[in-house]
Each structure stands twice: as C-alpha cells, then as structure tokens.
Amino acid sequence: MSDATGAGIPTPDKTDDDFWAAFANLVEPPWNEPAQDDAFTMDERIHEAVRALAERISTRLLAYRAAGKEHDPVLMASPDVQLAVLRSLYEAKLSVDRLAESAATVAGRSGANYAQLGAAWGGIKRQSARVKWPHAVVRKSSAESIPLHYAGGTAVVHHDPDADAWWYAATAADQAEEESQPVHGTYAEAIAGATEFLLAHALPDGGQE
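Residues numbered from 1 in each chain as written. Predicted model: local features only at pLDDT ≥ 70, side-chain atom pairs only at ≥ 80, totals over all residues. Heavy atoms only, no water.

Chemist: Got a sec to walk through the pairing of strand S1 (residues 146–150)? Specific residues and values, please.
Modeler: Where S1 lies against strand S2 (residues 153–160), five bridges are found, and the strand directions are antiparallel. When the sheet's bridge partners are listed, isoleucine 146 is paired in S2 with valine 157. Here S1 folds back onto S2 in antiparallel fashion, the turn holding two residues, of which alanine 151 has a positive phi close to 55°. (Pairing = 2+ DSSP bridges. Helix = DSSP H or I, 4+ residues; strand = E, 2+ residues; numbered from the N terminus.)

Here it is in structure tokens:
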C-alpha cells in the first residue's frame, strides 16, 4: 500500500455542514503500513496484557499469593506458568477475533467492500474475507433493518420511508438504551450515531455485565 501522509484529506469538525459527507467518503489508502517499531510496540503491549492475565490464572502463582508470598519473576519461566501464558495468548487471539469482527462490520456496513476488508486483514482474498465475516457487508434496501454488535452492545439501524431518513435503536453493554429520531440522512450517519452511543456506554473493562 502506498504511503499516506494525510495531506489533502478533509478534516471537518462534527458541527460542520460537510462532516457527514466527509465521514462517509472512504479515504484511500485507509492506513499506512506499520513500521517495525510499531510492530515491536504492539508486541510489548500485548505481552503486558497477556502476562497480567497469566499471573491471575497460573495455579503456581495463585499458590504463592495464597501463601502471602511475592513470587519471584524467575517463576515466569517455569513450564506450567508458560502454559498459563500460552492459555492467555489464546484468550488474546479470541479478543482479536471479536474486535476484528466488530471493525469489519462497522467498516463493511459503512461502505467498505470485501476486497477492502481482505486487504486490511493481511491481504486475504475477497472470498476469504466474505467467509470470515459473512455479515459484514450487506445490501441495504429501503425497507431493511440492519443489526450491529459493537463494544459489548447491540443496535439496529432502520430506514423510515416516510421521512426518507435513517434511525437506530441501541442497547449498550451497561444496559443503557437509546432510540434516535429519524433524522439521519444516510445509513453511515445513523451507524456512526449508534456506534458513538455504544462506545460511550461500554463497560470499563470491555467485558459484559
């Protein structure tokens, strides 16, 4: 992918008249390729999260805490603790899969196609992206109601044919609910409003109540 510096890309504020038009216009290229330093930083942050989980689930380290002892860092190299690390890495993979599905769904239902989703996911083919996220890209008819799962909550985006506008009903992870008025001129604007509400009411630890 060619290098993107952001030059020439519109940056309107949300209060500007052209914000939603710019919002719905998919920027090409969508990202810069991560540098090696970016990859190393990602490794470090993932390792921090995985190690924290491993320390909570390792039976050896639980025994040290139950005995009121601080465990020596060298214990992290013991085979059973490394198995706890491996189990934690599996949980990290599941988290990545869930987050990827959310990102693909929001992108796909806001205008991205399967070829673009595949390119973002390491360059897999369009057909593979369709198999991986079969509900990410949908054809939106004027009568169709479209569900969205994001940030631990759910929303359904509807089209009101009388108002010729889109609206949404959402239930967030913290069980807060919101139903918008049919005032959104496009599907992308409605899904952005629903996503903003779900993010504002996500649980602090990213879990479920």
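Chemist: Describe a negative patch on the surface, naming the residues involved and giving the relevant values.
Modeler: Taken together, Asp13, Asp16, Asp17 and Asp18 make up a surface patch of like negative charges. In this fold, aspartate 16 is placed in the segment before helix H1 (19–24). Judged by relative accessible area, aspartate 16 falls into the partly exposed class, the value being 32%. (Patch = residues over 30% accessible without salt bridge, like charges linked within 9 Å, V, L, I, M, F, W, Y side chains within 5 Å. Areas by Shrake-Rupley, 256 points an atom, 1.4 Å probe, with all protein chains shown as cover. Salt bridge = Lys/Arg side-chain N within 4 Å of Asp/Glu carboxyl O. Lys, Arg positive; Asp, Glu negative; His and termini not counted. Charge placed at Lys NZ, Arg CZ, Asp CG, Glu CD. Buried < 20%, exposed > 50% of the residue type's maximum accessible area, 1.4 Å probe, protein only.)

Chemist: How would you explain the packing of aromatic side chains if you had to name every residue and give the values?
Modeler: Here the structure, examined in full by the defined rule, presents five aromatic pairs. Here phenylalanine 19 and tryptophan 20 contribute two aromatic rings whose centre-to-centre distance is 5.0 Å and whose plane-to-plane angle is 80°, an arrangement assigned as edge-to-face. Seen from their ring centres, tryptophan 121 and tryptophan 133 are 5.6 Å apart, and the 80° between their planes marks the pair as edge-to-face. Separated by 12 residues along the polypeptide, tryptophan 121 in the loop between helix H5 (114–120) and helix H6 (126–132) and tryptophan 133 in the loop between H6 and S1 bring together distant segments of the chain. Looking at tryptophan 121, the relative accessible area reads 32%, which means it is partly exposed. The buried category is assigned to tryptophan 133, whose relative accessible area is 6%. (Phe/Tyr/Trp six-rings, centres within 6.5 Å; stacked < 30°, edge-to-face > 60°.)

Chemist: Lay out the side chain of serine 180 with the relevant residues and their values.
Modeler: Relative to the helices and strands, serine 180 resides in the loop between strand S4 (177–179) and helix H7 (187–200). Apart from the residues within four sequence positions on either side, serine 180 is in contact with Trp167 and Tyr168. (Contact = heavy atoms within 4.5 Å.)

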